[in-house]
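Per-entry structural report
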Amino acid sequence: MNKTVNQKAWFLVLPVFVVVAFSAIVPLMTVVNYSVQDTFGNNQFFWNGVGWFQELLDPSTELGGRFFDALWRNLAFSAVILAIEIPLGIVVALSMPRHGWTVAFSLVVMALPLLIPWNVVGTIWQVFARGDIGLLGWVVNHLGVAYNYVLDPASAWITIVVMDVWHWTSLVALLCYAGLKSIPDAYYQAARIDGASRLAVFTTIQLPKMRRVLLIAVLLRFMDSFMIYTEPFVLTGGGPGNATTYVSIDLVKLALGQFDLGKAAAMSIVYNLVILAVCWVFYTVMVNADAEKKEVEA
Amino acid sequence: MRGRAVVMTLYLLFLLLPIYWLVNMSLKTNTEITSGLTLWPETITFDNYVKIFTDASWYSGYINSLTYVAINTVLSISLALPAAYAFSRYRFLGDKHLFFWLLSNRMAPPAVFALPFFNLYSAVGLFDTPWAVALAHCLFNVPLAVWILEGFMSGVPREIDETAAIDGYSFPRFFIKIFMPLIASGIGVAAFFCFMFSWVELLLARTLTSVDAKPIAATMTRTVSAAGMDWGLLAAAGVLTIVPGALVIWFVRNYIAKGFALGRV
């Protein structure tokens with residue numbers, strides 16, 4: 001659609017701009033302000049320049065080591081999550097029933113985990129995975145596998161990954177399902193006439209049609225798993241030790257637990273910049289894909 | 001065909017099992033929970049639910065949560081409507097950068113904002129009110145609503161705008177009488193997602209409230225007491241937080257898939 005140039009449109013955008021600026025720019029300024037200062041309490045602040053940033057980005061210091069540990073841990077977590085949830089979401093979307101009451105039923109059940117408050121998701125898995133009162137923990141322990149997410153780092157990791165798969169795979173599946181629904185029947189009929197195999201249908205019709213929604217799914221799942229806080233906080237509190245301390249958990253510990261404002265602010269800024277960079281790459285790819293598509297159609 | 005049904009059944013079972021366990025626990029007494037594993041409550045008790053509905057410190061948590069979610073949804077949608085219209089119809093100075101900046105707030109980690117929000121809302125005297133949480137959630141819900149609504153509005157041909165202008169409709173009248181009914185399903189989808197993301201968020205809601213506006217999610221941490229965990233009560237509170245979401249899903253079930261696709265969420 002051709003859009004007309006109209007600078008007065010700014011007036012329509014202004015309310016949004018003011019509200020979002022109030023809740024984004026003012027806090028960010030506070031963070032920047034803290035990040036260059038040090039305090040010994042009593043609300044007395046000292047100029048510290050880029051000191052915190054130097055310490056943060058140097059893995060040999062205490063702060064830097066802690067930050068990079070959490071960062072790698074979080075990146076590994078996001079990678080595992082994407083590797084499981086994206087293929088599983090596609091498989092589930094392809095397995096959706098085509099008609100009848102089962103369609104509505106499946107959709108409702110799939111959307112259910114998405115609307116449960118995140119700390120309740122943590123609570124659900126806390127009680128479900130416990131060895132003494134939880135069905136999962138009890139069954140696994142009785143199968144002869146030593147499993148205790150409170151004491152054993154590997155168990156804690158697996159529990160959090162399974163919990164996240166439970167919580168978010170439906171989002172990927174629903175997005176893919178929506179992408180699949182937009183494919184006209186004629187495409188499948190043509191494929192049948194050509195005698196295309198199931199695999200060929202998937203790689204040449206379904207996958208290209210799902211490209212855009214898949215991109216959005218990858219973007220959302222990366223962002224949200226990179227910002228994950230509430231669920232592991234409730235389930236393991238970042239433990240045992242630091243085994244499940246992801247960046248957000250570490251940051252809240254630093255900011256609201258120890259009130260180390262300077263360090264926490266510097267960490268916030270670097271953390272935010274990492275996310276922003278990835279977000280920008282995705283956004284550019286998406287916009288370019290759209291532009292290409294329009295050119296092809298034109 | 002058979003394979004698909006098996007995959008789907010297994011996946012739905014996987015989704016439902018933990019919820020079944022929570023419901024199961026919420027109907028048991030604490031002695032039964034801690035004494036051994038039972039797949040079905042031996043004696044069904046509704047004591048946990050009765051306690052929540054009769055104790056003001058419990059049920060006010062639900063009222064607080066629903067209050068800020070409602071304020072936030074109304075606020076986000078009414079702010080986003082004109083902005084989304086501007087983005088879908090006009091080009092103006094800095095429009096692309098503004099759009100990306102708005103979206104980038106959807107991607108900002110709430111953990112980064114927890115402390116500055118605490119300072120900010122304390123300074124303006126909104127701390128511990130539903131308004132503080134509602135405004136804080138605007139940070140990610142307004143951009144989301146703009147994004148969703150823009151997608152729906154771009155699907156409405158602009159000839160309609162022009163025809164209405166020729167027919168003598170003023171802009172506000174055109175917008176409310178003609179345009180909004182055309183994108184009613186889009187508004188519904190946007191409201192659904194605003195509800196969803198405001199309802200599930202805890203970090204900011206907990207940081208910005210202490211007593212008067214405490215959300216239910218924060219109240220739940222109270223079940224840890226000196227006498228140990230009150231598992232039954234915790235489970236019952238958990239089940240009750242699922243109910244509003246489940247109700248909303250039931251009403252929008254036929255639009256879910258469409259909403260996810262068009263809404264680009």
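Residues numbered from 1 in each chain as written. Chains lettered and ligands numbered in written order. Predicted model: local features only at pLDDT ≥ 70, side-chain atom pairs only at ≥ 80, totals over all residues. Heavy atoms only, no water.

- Under an unreviewed UniProt entry, the name given to chain B is Carbohydrate ABC transporter permease, and the source organism is Chelatococcus albus.

- Going by what an unreviewed UniProt entry lists, chain A is known as Sugar ABC transporter permease and is assigned to Chelatococcus albus.
- Word for word, the UniProt comment on chain A under Subcellular location (unreviewed entry) is "Cell membrane".
- Per UniProt, chain A has the following entry under Sequence similarities (unreviewed entry): "Belongs to the binding-protein-dependent transport system permease family." (UniProt positions renumbered as here; feature names shortened; annotations may be inferred.)

1. A few points about the overall build of chain A
- Each helix and strand in chain A was counted, giving 12 helices and 3 strands.
- Seen through its principal axes, chain A has C-alpha atoms that stretch 75 × 70 × 35 Å.
- Restricting to contacts in chain A with at least 6 residues of sequence separation, those with at least 24 account for 64%.
- Summing over all exposed atoms, chain A offers an accessible surface of approximately 13,600 Å²; the carbon and sulfur share of this is 67%. (Helix = DSSP H or I, 4+ residues; strand = E, 2+ residues; numbered from the N terminus. Contact = heavy atoms within 4.5 Å. Areas by Shrake-Rupley, 256 points an atom, 1.4 Å probe, with all protein chains shown as cover.)

2. Comments concerning unusual backbone geometry
Residues and elements named next belong to chain B.
- We note that Asp128 has phi near 70 degrees; this positive angle belongs to a residue other than glycine.
- Locating Asp128 in the fold gives a position in the loop between helix H6 (110–123) and helix H7 (130–154).
- Assessed through its relative accessible area of 10%, Asp128 is described here as buried. (Buried < 20%, exposed > 50% of the residue type's maximum accessible area, 1.4 Å probe, protein only.)

3. Comments concerning the environment of Gly262 of chain A
Residues and elements named next belong to chain A.
- Mapping Gly262 onto the fold places it in helix H12 (residues 261–297).
- A residue is classified by how much of its surface remains accessible, and Gly262, at 8% relative accessible area, is buried.
- With 16 residues separating them along the chain, Gly262 and Val278 place their C-alpha atoms 25 Å apart.
- Not counting chain neighbours up to four residues away, the residues in contact with Gly262 comprise Tyr34, Ser35, Gln37 and Trp52.

4. What to know about the side chain of Ser170 of chain A
- Position of Ser170 of chain A among the secondary structure elements: in helix H7 (residues 153–181).
- On the basis of relative accessible area, Ser170 of chain A is assigned to the buried category, the value being 0%.

5. Remarks on the nonpolar core
- In terms of nonpolar packing, the biggest core is built from 192 residues, with Met110 of chain A together with Phe117 and Met153 of chain B touching the most fellow members.
- Sorting elements by how many residues they give to this core places H7 of chain B first, with 17 residues.
- Composition of this core by domain shows at least three residues from each of domain 1 (1–45) and domain 2 (56–262) of chain B.
- With residues near it in sequence (within four places) discarded, Met110 of chain A still touches Val92, Met96, Ser170, Ala173 and Leu174 of chain A together with Met8, Tyr11, Leu12 and Leu15 of chain B. (Core = buried A, V, L, I, M, F, W, Y, C linked by side-chain atoms within 4.5 Å. Domains from an automatic or database assignment.)

6. Quick word on the UniProt feature "transmembrane region" (unreviewed entry) in chain A
- Those residues carrying the UniProt feature "transmembrane region" (unreviewed entry) are residues 12–36, 75–95, 101–121, 156–180, 213–230 and 264–285 of chain A in this numbering.
- Between the C-alpha atoms that bound residues 75–95 of chain A the distance is 30 Å, and the span itself is 100% helix and 0% strand.

7. Considering the pattern of salt bridges
- Going through the model one piece at a time under the given rule, you end up with 5 salt bridges over all chains.
- Across the pair Arg221 of chain A and Asp164 of chain A runs a salt bridge whose closest N-O atoms are separated by 2.7 Å. Separated by 57 residues along the polypeptide, Arg221 of chain A in helix H9 (residues 198–226) and Asp164 of chain A in helix H7 bring together distant segments of the chain.
- Classification of Arg221 of chain A as buried rests on a relative accessible area of 0%.
- With relative accessibility at 3%, the residue Asp164 of chain A sits in the buried group.
- Residues Glu162 of chain B and Arg158 of chain B are paired through a salt bridge, measuring 3.7 Å at the closest nitrogen-oxygen approach.
- Since its relative accessible area comes to 41%, Glu162 of chain B is described here as partly exposed. (Salt bridge = Lys/Arg side-chain N within 4 Å of Asp/Glu carboxyl O.)

8. Things to note about the environment of Val142 of chain B
- Along the chain, the position of Val142 of chain B falls in helix H7.
- Counting along the chain gives 37 residues from Val142 of chain B to Asn105 of chain B, while the straight-line C-alpha distance between them is 9.4 Å.
- Ignoring sequence-local partners within four residues, the contact set of Val142 of chain B consists of Val16 and Val20 of chain A together with Ser76, Leu79 and Ala80 of chain B.

9. Considerations on the packing of aromatic side chains
- Counting across every chain of the model gives 32 aromatic pairs over all chains.
- When the centroid spacing of 5.7 Å and the interplanar angle of 40 degrees are considered together, the rings of Phe87 of chain B and Phe92 of chain B count as tilted.
- Here Phe92 of chain B falls in the buried class, since its relative accessible area comes to 4%.
- Taken together, the ring pairs connect Trp10 and Phe17 of chain A together with Phe87, Phe92, Phe99 and Trp101 of chain B into an aromatic cluster.
- Against the face of Trp21 of chain B rests Lys28 of chain B, its NZ or CZ located 5.1 Å from the ring centre. (Phe/Tyr/Trp six-rings, centres within 6.5 Å; stacked < 30°, edge-to-face > 60°. Lys NZ or Arg CZ within 6 Å of the ring centre and 35° of its normal.)

10. Thoughts on the interface of chain B and chain A
- Contact with chain B, which involves 95 residues of that partner, is made by 98 residues of chain A.
- Here chain B is connected to chain A by 12 residue pairs in polar contact (both at pLDDT 80 or more).
- If one sorts the elements of the side of chain B that touches chain A by residue count, helix H1 (residues 2–26) of chain B sits on top with 15 residues.
- Of the residues assigned to the side of chain B that touches chain A, the class counts are 75 nonpolar, 10 polar and 10 charged.
- As paired elements, strand E1 (residues 4–5) of chain A and strand E1 (residues 90–91) of chain B share 2 bridges and run parallel to each other. Residue pairing across strands places Thr4 of chain A opposite Tyr90 of chain B, the latter belonging to E1 of chain B. (Polar contact = N/O pair within 3.5 Å; in protein donor to acceptor, adjacent residues only side chain to side chain. Nonpolar A, V, L, I, M, F, W, Y, C, P; charged D, E, K, R; others polar. Pairing = 2+ DSSP bridges.)

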